[in-house]
Amino acid sequence: MPQPDATPLDALAARADLRLDTLVAMIVANGLDEASLGDAYLGRRGADVLAHLHGWHGLFAGWCREDGRGGKVALPATGYTWVDLRALNDEIYERYRAMAWTRILEVTRESHATMIELLRTFPDGALADPTRYPWANGPLLELADECLGKHYDWGIERVEASLGGR
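Residues numbered from 1 in each chain as written. Predicted model: local features only at pLDDT ≥ 70, side-chain atom pairs only at ≥ 80, totals over all residues. Heavy atoms only, no water.

A. The arrangement of the overall build of the chain in detail. For the chain, the count of helices and strands is 7 helices and 0 strands. Listing each helix as α and each strand as β along the chain from the N terminus yields α-α-α-α-α-α-α. Overall, the chain is about 50 × 45 × 25 Å in size when its C-alpha atoms are taken along their principal axes. Across the 166 residues in the chain, those meeting the buried criterion constitute 45%. Summing over all exposed atoms, the chain offers an accessible surface of approximately 8,600 Å²; the carbon and sulfur share of this is 55%. Charge centroids of the chain, computed over 17 positive and 25 negative side chains, lie 4 Å from each other. (Helix = DSSP H or I, 4+ residues; strand = E, 2+ residues; numbered from the N terminus. Buried < 20%, exposed > 50% of the residue type's maximum accessible area, 1.4 Å probe, protein only. Areas by Shrake-Rupley, 256 points an atom, 1.4 Å probe, with all protein chains shown as cover. Lys, Arg positive; Asp, Glu negative; His and termini not counted. Charge placed at Lys NZ, Arg CZ, Asp CG, Glu CD.)

B. Region of the structure containing helix α2 (residues 46–68). For α2, spanning 23 residues, the distance from its first C-alpha to its last is 34 Å, which sits close to the expected 33 Å at 1.5 Å a residue. Of all 23 residues making up α2, 19 are buried, and the element is well covered by its neighbours. Positive phi appears at G70, one or two residues downstream of α2, with a value of about 80°. (Expected span 1.5 Å × (residues − 1).)

C. Expanded view of the packing of α2 against helix α4 (residues 101–119). Taken N-terminus to C-terminus, the directions of α2 and α4 make an angle of 30°; their axes are 9 Å apart at the nearest point. On the basis of their axis angle, the class for α2 and α4 is roughly parallel. Handedness of the crossing formed by α2 with α4: left-handed. Along the contact surface, α2 presents G46, A47, L50, A51, H54, H57, F60, A61 and C64, while α4 presents W101, I104, L105, V107, T108, S111, H112, M115, L118 and L119. Across the contact of α2 with α4, the residue classes break down as 13 nonpolar, 6 polar and no charged. (Axes fitted to C-alpha atoms, helices over the stretch in contact; angles between N-to-C directions. Parallel < 35°, antiparallel > 145°, perpendicular 65-115°, else oblique. Left-handed = near helix turned anticlockwise from the far one by under 90°. Contact = heavy atoms within 4.5 Å. Nonpolar A, V, L, I, M, F, W, Y, C, P; charged D, E, K, R; others polar.)

D. How the structure looks around the nonpolar core. Core analysis: the largest hydrophobic core is formed by 50 residues, its most contacted members being L50, F60, W63, W135 and L140. Looking at this core, the elements that each hand over two or more residues are α1 (8–29), α2, α3 (85–96), α4, α5 (124–128), α6 (140–147) and α7 (149–164). With 10 residues, α2 is the largest single contributor of residues to this core. Among residues more than four places away in sequence, those in contact with L50 are L20, L23, V24, I27, W101, I104, L105 and T108. (Core = buried A, V, L, I, M, F, W, Y, C linked by side-chain atoms within 4.5 Å.)

E. Structural detail: the packing of α1 against α2. Where α1 contacts α2, the two axes come as close as 10 Å, and the packing angle between them is 160°. Relative to α2, the element α1 lies roughly antiparallel. As for the relative orientation of α1 and α2, their crossing is left-handed in sense. The segment α1 lies against α2, with L20, L23, V24 and I27 engaging G46, V49, L50 and L53. Tallied by class, the residues present in the contact of α1 with α2 amount to 7 nonpolar, 1 polar and no charged.

What follows is the structure, given as structure tokens:
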């Protein structure tokens, strides 16, 4: 029986899975789970990189929930603008900074899977339509990639930068 063609969402999910696995493996292999990444990430830990990603998964899910209720979606978050993004990221850091690596790894993997499951509830055409979700400033699938695979690339770059100083 022939397999159905892979969708753009399937490709995004596969790449995101691979990049998250790569990031986690790099953190673990270099003992950075609870160790500082130094100047590469504001003196924060490898666990904090994952906490940051988890926080953005939650933001994405919130945007989709708000849109589904017919509400006004606030990007990047209520009370924040793209100009003061650092303050939002600091708030995410404060929310999770006491969380141990094992728990942060667990919740990040869960929110990663939840985000992909959420995306699978949208029709493919809606995800790719640049006008369907005007608050996303383009196709929702592209915004999802920013919160998944491309954001994991950012984390990998942080780890690589921290290792360059060793």
